[in-house]
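The primary structure of each chain is shown beneath.
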Amino acid sequence: MSLSVQKGKFIPRDREWQPEALTPAYKSSVKRSPQAALLSFPSTLSEETSPIFNNNILGPLDNDLIFNHAKPGESAIGARIIVHGQILDENGIGIPDTLVEFWQANAGGRYRHKNDRYLANLDPNFGGCGRTITAENGFYEFRTIQPGPYPWPNGGNDWRPAHIHFSIFGYGFVQRLITQMYFEGDPHIKLCPIVNSLTSKEAVDALTAPLDMKRTIPMNCRAFKFNIVLRGRHQTYFENRKEGL
Amino acid sequence: MTERLNNLKESPSQTAGPYVHIGCTPNFSSKSSYSYDLGKTMKIGPVLGEEITIVGYVFDGAGAPLCDAMIEIWQPDAAGLFPATNETRGIADPNFMGWGRSTSDMNTGEFIFETVKPGTVPGPDGVMQAPHITVWVVARGINIGLHTRIYFNDETIANSLDPILSQIKNQKRVETLLALKKGVGRYQFDIHLQGPHETIFFDI
Ligand SMILES: [Fe+3]
């Protein structure tokens, strides 16, 4: 007997696990959260397909934020880290060939963006932008500096925990996800209204990357491990019985 | 037999924040090390079918246009084929990307897509769906990306037979999913996050 797998509809999203649209402590959500019920229907080809990104879109330093904006012979200031992990679906299957984009503030907590007016300095050698395409089994990694926490206009004295923003595709457009990675042990995590849009400690833990001593490079670079899970499809197994058995 | 292999939880979403441009459209906010922004050009050569431009705004509950949103679209080519690895019905137009990414203009809030009128694709139970484009919106203040669709107000008959549109109980809200024809090859599609014209968002 052999088993063949046919992929079915996407498994419905667990809306109790995902943040609500309206989380008033995060003030920007008040006027930007839909109020009517969402319209549910089973996925169709329009949602089960997704764009293709080839490795040829990548530049040689796209996954190295320490050097990709630096002048020749210079590098970004900050604690050097490797961020690595696996992009999986809910069935635990690694997703290869998918685009992962990331962006972050510099070591002082300042973004290279004209709307960021935080008084911390820009680092001329740090752009804060990178991307990669997952390898076999969904593995990815990049090198960067650890971003700093930063203040933001929300409640008067709110500070974001250090974080890296991630954008991920997958194999179906309904898997599209933007999220943030936090760092184990950051005291700002539990104070942050954006983190607190999450509904449980487990959900916060799922976005908190632990220090990974195994991947640390001695005297060079620490490592943090961050796996990302995208939605999965129902798997239907057909038993293919041989004749006569 | 249908079952789950290994119940992992989907990673929780977090807002894209006000600086989504840095990571996703880096040449929009400043000069970057990328030679071009992904999704800015949906056509890389002569394409089949009708070329169209879709412009619009994303409005908040106070009626103000968002100037920091990112909008992505995904659609088949003019023949209804997706340029995707899991498209099994044929080979899509090689000059059409199917996927586009636009940001709200930082001053006016307008977004724009230069694309083609999509062909039709089957929906649930193989019934053909009206031509439509899949839309995904993220921004500061949006905790989880919003899915919706663009249909076309000049496709009256196809829309009336569409299996998704006909499920909508309050038929008056169907118009929130219609791009309005504004001239040859030109459509307007506004997204309202809240209020009396709130767009229908999907949980698919
Ligand atoms: Fe941030």
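Residues numbered from 1 in each chain as written. Chains lettered and ligands numbered in written order. Predicted model: local features only at pLDDT ≥ 70, side-chain atom pairs only at ≥ 80, totals over all residues. Heavy atoms only, no water.

A.B. asks: How should the sheet that holds strand 5 (residues 129–133) of chain A be read in this particular structure?
C.D. replies: Residue and element names in this part refer to chain A. Strand order in the open sheet made by the 5 strands is 5-4-9-10-11, with mixed pairing throughout. Of all strands in the sheet, those bounded by a partner on one side alone are strand 5 and strand 11 (208–209). With 6 bridges connecting them, strand 9 (residues 163–168) and strand 10 (residues 177–183) associate as antiparallel partners. Residue pairing in the sheet places Phe166 in a bridge with Thr179 of strand 10. (Pairing = 2+ DSSP bridges. Helix = DSSP H or I, 4+ residues; strand = E, 2+ residues; numbered from the N terminus.)

A.B. asks: Explanation requested: the pattern of salt bridges in the structure shown.
C.D. replies: Should their charged atoms come close, side chains of opposite charge can pair. In the structure shown here, the tally under the stated rule is 22 salt bridges over all chains. One salt bridge in this structure joins Asp68 of chain B and Arg140 of chain B, with 2.9 Å as the shortest N-O distance. Placement of the pair is Asp68 of chain B in the loop between strand 3 (58–59) and strand 4 (70–74) and Arg140 of chain B in the loop between strand 7 (133–138) and strand 8 (146–152), with a sequence separation of 72 residues. A relative accessible area of 28% means that Arg140 of chain B is categorised as partly exposed. Each of Glu101 and Arg176 of chain A together with Glu72 and Arg101 of chain B takes part in one network of salt bridges that share partners. (Salt bridge = Lys/Arg side-chain N within 4 Å of Asp/Glu carboxyl O. Buried < 20%, exposed > 50% of the residue type's maximum accessible area, 1.4 Å probe, protein only.)

A.B. asks: Would you mind showing me how to read the coordination of the iron ion here?
C.D. replies: Reference values for angles at a metal are 109.5 degrees in the four-donor tetrahedral case and 90 or 180 degrees in the six-donor octahedral case. Residues and elements named next belong to chain A. Protein ligation of the iron ion involves Tyr111 (OH), Tyr150 (OH), His163 (NE2) and His165 (NE2), the donor distances falling in the range 1.9 to 2.2 Å. Sequence spacing of the donors to the iron ion: Y-x38-Y-x12-H-x1-H. Within this pair, whereas Tyr150 is found in strand 7 (residues 150–152), its partner His165 is found in strand 9, the two being separated by 15 residues in sequence. Each member of the pair, Tyr150 as well as His165, is classed as buried. (Donors = N, O, S within 2.8 Å, 3.2 Å for Na, K, Ca; no water.)

A.B. asks: When you look at the interface of chain A and chain B in this model, what are you seeing that I'm missing?
C.D. replies: Interfaces are often sized by the accessible area lost when the parts come together. At the interface, 90 residues of chain A touch 77 residues of chain B. Between chain A and chain B lies a buried interface of about 7600 Å² when both sides are counted; carbon and sulfur atoms form 57% of it. One can count 7 salt bridges joining chain A with chain B. A salt bridge links Arg101 of chain B to Glu101 of chain A; its shortest N-O distance comes to 2.8 Å. By residue class, the composition of the side of chain A that touches chain B is 41 nonpolar, 30 polar and 19 charged. Both strand 2 (residues 39–40) of chain A and strand 12 (residues 202–203) of chain B contribute to a ladder of 2 bridges, which runs parallel. Paired with Leu39 of chain A across the two strands is Phe202 of chain B, which belongs to strand 12 of chain B. (Contact = heavy atoms within 4.5 Å. Buried area = accessible area lost by both parts, 1.4 Å probe. Nonpolar A, V, L, I, M, F, W, Y, C, P; charged D, E, K, R; others polar.)

Interpretation in functional terms is not warranted from these geometric data alone.
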